[in-house]
Amino acid sequence: MADPEENNALFPIFILSMIALPLVPYTILKLFRAASKKARKIHCGCSDCARSGKYRKSIFNRIANVSTCGNFTLVLLWVIVGVLVYYIKNMSREIQIFEPFSILGLEPGASDSEIKKAYRRLSIQYHPDKNPDPAAHNYFVEFISKAYQALTDPISRENFEKYGHPDGRQGFQMGIALPQFLLNIDGASSGILLMWIVGVCILLPLVVAVVYLSRSSKYTGNYVKNDTLAAYFHLMKPSLAPSKVMEVFIKAAEFLEIPVRRSDDEPLHKLFMTVRSELNLDLKNIRKEQAKFWKQHPALVKTELLIQAHLTRETMDLPPDLGRDCKRVLEFAPRLLEELIKMAIIPRTSKGHGWLRPAVGVVELSQCIVQAVPLSARKAEAIAPFLQLPHFNDDIIKKISRKKVRTFQEFQDMSIQERAELLSEVAELPPPEVQDVEKVMELIPSLTVDVTCETEGEEGIQEGDVVTVQAWVTLKRPNGLTGALPHAPRYPFHKEENFWVLLADPNSNTVWFSHKISFMDEVAAISAASTAIGDRMEVLGASPKETTAAIKEAVEKVKSGSRLAMGKFLAMAEGNYNLTCYLLCDSWIGCDQKSTLKLKVLKRTRAGTRGGQANDVPDDGVEDEEEVEEEDEEDIESEYSEDEDDKPNARKKGIANGKVGGKGRQAASSSSDEE
């Protein structure tokens, strides 16, 4: 074993190594992620958003963003590393390389006379007869005498030149990098080593793993509790109306942890009387309904009332404690709503389809929460989109409706000058408020989607085929931006726009394909589109040149403001299907789009798989294809019209191709191929 003093000197180096090994790569990763984020947040810049304070770049907000628990721990670890480096650099030389020339203060290759002269000079300074200090005596015996002997004695000098030590070859020594006070326990070095190995290599990783698993087992990757997902899964119903989505949303386990205080009773009862009309209570049995409402779990009652206070814009009158609880509820909302829509669109039916009606209801609830618009306003489609504009209220909406501007789409289609005259002369808004409205109007996105469905490498779609859906979603804004934050001054946190592409059958209330899209991260969108197009071209057997050209075209589309949504679904039984492609935004009201898509599925006539089983059919077993019967789709929203725009390229591999575009609720166009 090595000398205990050497072990004690190596202990700080060991601790420094253990800290630096994970700390350095983690810090590099954290800095890389911070550098890859958007340096600036693009928002409308209206006076309402400025007053909200969430975009204000004050020194206190910057400190609050940086001074998180993780960042504080990271800085503390680097301080410890700095202290250890300073200590190791300046600590006493307990482990020294034997250098006789350096000890005697000579240059390598000095003559014998110079060696003797240096030895006599140091002897006068450190010899015990001249210097009674014990440290000087020890230095003279251990270093000066050995250095003189190594350079004057022929054998010692030969050993030093060969092995680096005057005593000859030195044996290999092992030690434990532990402080000396731990190794001085009755010489039990072996036991200490065993305890160190068991503690550091077994017990410490085990404790960390147990703590991590005990915490992570309660949450999903989106930081939503598993109990919440289980509740959402069981409460989600195919016939869940949009007005009933709130009742499912508030059943999250996160809301049960919100504190319920006795001091909240009176403010909550006052709030109940204010938002009672928004609670879907039966007015005929109002007393019974009120009693039933208050018998729910107190935390759920409080949660629903706070959400309704936010939707009706009554949060300014809440006490400070309830105001903080309301912010906490709203902070959970985006994550919970995203998981709730996933619970609606996950495969539920025997054909692997999700449910359309609750998915649309969840998106509508998300829009209302972000824009602080009451759910009752959604019943009047002409009113709800106007309420997301700054300085707008019911009186202003009534005033402009008298000038035959009854829909939000008509308001969008007006020129800037016409809108300014309408707002200043009819609505009587001052010029600064008119400018605020125009800033928001320039930020509202205009969406188009081009959808194609095809069986890769085959002509037409037959029952049992794996159908590939490819949807290019394009976003345009009047101000020319692609990625931006929505105008949401009453929502107290940053909220990015998210869009959901749903290919669904409204008649059967089923979702065949779904995909989430974001326009904020262009780099990630380019990577995803390149990978998807590359995989598709590989399946089609395209040449490297064709694959490169297709990927380059996809990258150019992404850079110009488009995003790719691609997926697959299994073709249904033979027949004609009138599908609808929904493009829903979770932040803006009135910019959703949809288009009809006519899908023709032929009878199985080629060998392949159907439902996972092989189905061989002779070549001469081809039957005549039936003509597509045009059916009038009973649509959810009647303001969408339909145009036919046949595309000859769709006949080769695909059977369906749909496209929708425009601002707000502009009319959709679709195309279909008939055999």
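Every value quoted in this text rests on a predicted model; they were computed, and no experiment measured them. (Residues numbered from 1 in each chain as written. Predicted model: local features only at pLDDT ≥ 70, side-chain atom pairs only at ≥ 80, totals over all residues. Heavy atoms only, no water.)

Undergrad: What should I look at first to understand a nonpolar patch on the surface in this one?
TA: A cluster of nonpolar side chains, L194, V198, I202 and L203, forms an exposed patch at the surface whose accessible area comes to about 350 Å². By the element assignment, I202 lies in helix α10 (residues 189–216). Given a relative accessible area of 49%, I202 falls into the partly exposed group. (Patch = residues over 30% accessible without salt bridge, like charges linked within 9 Å, V, L, I, M, F, W, Y side chains within 5 Å. Areas by Shrake-Rupley, 256 points an atom, 1.4 Å probe, with all protein chains shown as cover. Salt bridge = Lys/Arg side-chain N within 4 Å of Asp/Glu carboxyl O. Helix = DSSP H or I, 4+ residues; strand = E, 2+ residues; numbered from the N terminus. Buried < 20%, exposed > 50% of the residue type's maximum accessible area, 1.4 Å probe, protein only.)

Undergrad: What exactly am I supposed to notice about the confidence of the model for the protein here?
TA: Close inspection of predicted coordinates is inappropriate in any region flagged by low pLDDT. Across the protein, pLDDT averages 80, with 79% of residues at or above 70. Long-range and interchain partners of residues 609–655, a stretch whose pLDDT sits below 50, account for 97 contacts in this model, where long-range means more than four residues apart. In the predicted structure, residues 662–675 sits below a pLDDT of 50 and forms 68 contacts with residues beyond four places in sequence or in another chain. (pLDDT = per-residue confidence, 0-100. Contact = heavy atoms within 4.5 Å.)

Undergrad: It is not clear to me how the packing of aromatic side chains should be interpreted in this structure. Could you clarify?
TA: Aromatic ring pairs are reported here in terms of the distance separating the ring centres and the angle at which the planes meet. Tallying each qualifying case throughout the model produces 18 aromatic pairs. Centroid distance F249 to F255: 5.6 Å. Interplanar angle 75°. Geometry classified as edge-to-face. Here a set of aromatic residues connected by ring pairs shows up, and it is made of F386, F392, F408 and F411. Directly above the ring of F411 sits R419, whose terminal nitrogen or CZ lies 5.9 Å from the centroid. (Phe/Tyr/Trp six-rings, centres within 6.5 Å; stacked < 30°, edge-to-face > 60°. Lys NZ or Arg CZ within 6 Å of the ring centre and 35° of its normal.)

Undergrad: How should I be thinking about helix α16 (residues 298–311) in this particular structure?
TA: Every α-helix carries 3.6 residues per turn, so stepping three or four residues along brings you back to the same face. If you check α16, its first and last C-alpha atoms are 20 Å apart, about what 14 residues at 1.5 Å a residue would give, namely 20 Å. Judged by how many residues are buried, α16 sits mostly within the fold: 13 of 14 residues are covered. (Expected span 1.5 Å × (residues − 1).)

Undergrad: Just to check I follow, could you spell out the pattern of salt bridges for this structure?
TA: Oppositely charged side chains are able to pair whenever their charged atoms sit close together. Using the criterion set out here, one finds 20 salt bridges in the structure. Across the pair K225 and E257 runs a salt bridge, and its minimum N-O distance is 1.9 Å. Taken as a pair, K225 in the loop between α10 and α11 (226–235) and E257 in the loop between α13 (253–256) and α14 (265–275) lie far apart in primary sequence, 32 residues in all. The closest approach of N and O atoms between D325 and R261, which form a salt bridge, is 2.4 Å. Of the two residues, D325 is situated in helix α17 (residues 320–345) and R261 in the loop between α13 and α14; the sequence distance between them amounts to 64 residues.

Undergrad: Would you mind going over the sheet that holds strand β7 (residues 575–585) with me for this structure?
TA: Pairing between the strands of a sheet comes from backbone hydrogen bonds, and it takes one of two forms, parallel or antiparallel. On the basis of which strands lie adjacent, the open sheet formed by five strands has the order β1-β5-β4-β7-β8 and antiparallel pairing. Strands with a single pairing partner mark the edges of an open sheet, and in this sheet they are β1 (354–355) and β8 (593–601). Bridge analysis of β1 against strand β5 (residues 510–517) gives two bridges, and the strand direction is antiparallel. Following the sheet pairing, W355 is matched in β5 by T510. (Pairing = 2+ DSSP bridges.)

Undergrad: What's the story with the side chain of E463 in this structure? I'm lost.
TA: With respect to the secondary-structure elements, E463 resides in the loop between β2 (446–454) and β3 (466–476). Polar contacts involving the side chain of E463 include one to the main-chain amide nitrogen of E574, which spans 3.2 Å. (Polar contact = N/O pair within 3.5 Å; in protein donor to acceptor, adjacent residues only side chain to side chain.)

Undergrad: I'm lost on the environment of A253 in this one. Help?
TA: By secondary structure assignment, the location of A253 is in helix α13. With a relative accessible area of 14%, A253 lands in the buried category. Taking the C-alpha atoms as reference points, A253 and L229, 24 residues apart in sequence, are found 8.9 Å from one another. Dropping the residues within four chain positions of it, A253 is found in contact with K225, D227 and T228.

Undergrad: Mind showing me how you'd approach the UniProt feature "transmembrane region" (unreviewed entry) in the protein here?
TA: With numbering matched to this structure, UniProt assigns "transmembrane region" (unreviewed entry) to residues 12–32, 63–88 and 192–213. Along residues 12–32 one finds 100% helix and 0% strand; the C-alpha atoms at either end are 29 Å apart. (UniProt positions renumbered as here; feature names shortened; annotations may be inferred.)

Undergrad: Looking at this structure, I do not really get the environment of E522. What am I missing?
TA: By secondary structure assignment, the location of E522 is in helix α23 (residues 522–539). Among the residues examined, E522 registers a relative accessible area of 33% and is labelled partly exposed. Taking the C-alpha atoms as reference points, E522 and V558, separated by 36 residues in sequence, lie 7.2 Å from one another. Beyond its immediate stretch of four places on either side in the chain, E522 contacts V558, K559 and R563.

Undergrad: I would appreciate a short explanation of the pairing of β3 in the present structure.
TA: A regular strand places its side chains so that they alternate between the two faces of the sheet. Judged by how many residues are buried, β3 sits mostly within the fold: nine of 11 residues are covered. In the sheet, β2 pairs with β3 via nine bridges, with the strands oriented antiparallel. Across the sheet, S446 pairs through a bridge with K476, a residue of β3. Sheet analysis places β3 next to strand β6 (residues 562–570), joined by nine bridges and oriented antiparallel. Along β6, the bridge assignment pairs V466 with L570.

Undergrad: What should I look at first to understand unusual backbone geometry in this one?
TA: The phi angle of most residues is negative, glycine excepted, and most peptide bonds adopt the trans form. In this structure, Y223 is a non-glycine residue whose phi angle is positive, near 60°. Here Y223 lies in the loop between α10 and α11. Not every positive phi belongs to a glycine, and E428 is a case in point at roughly 60°. Within the secondary structure, E428 sits in the loop between α21 (416–426) and α22 (431–441).

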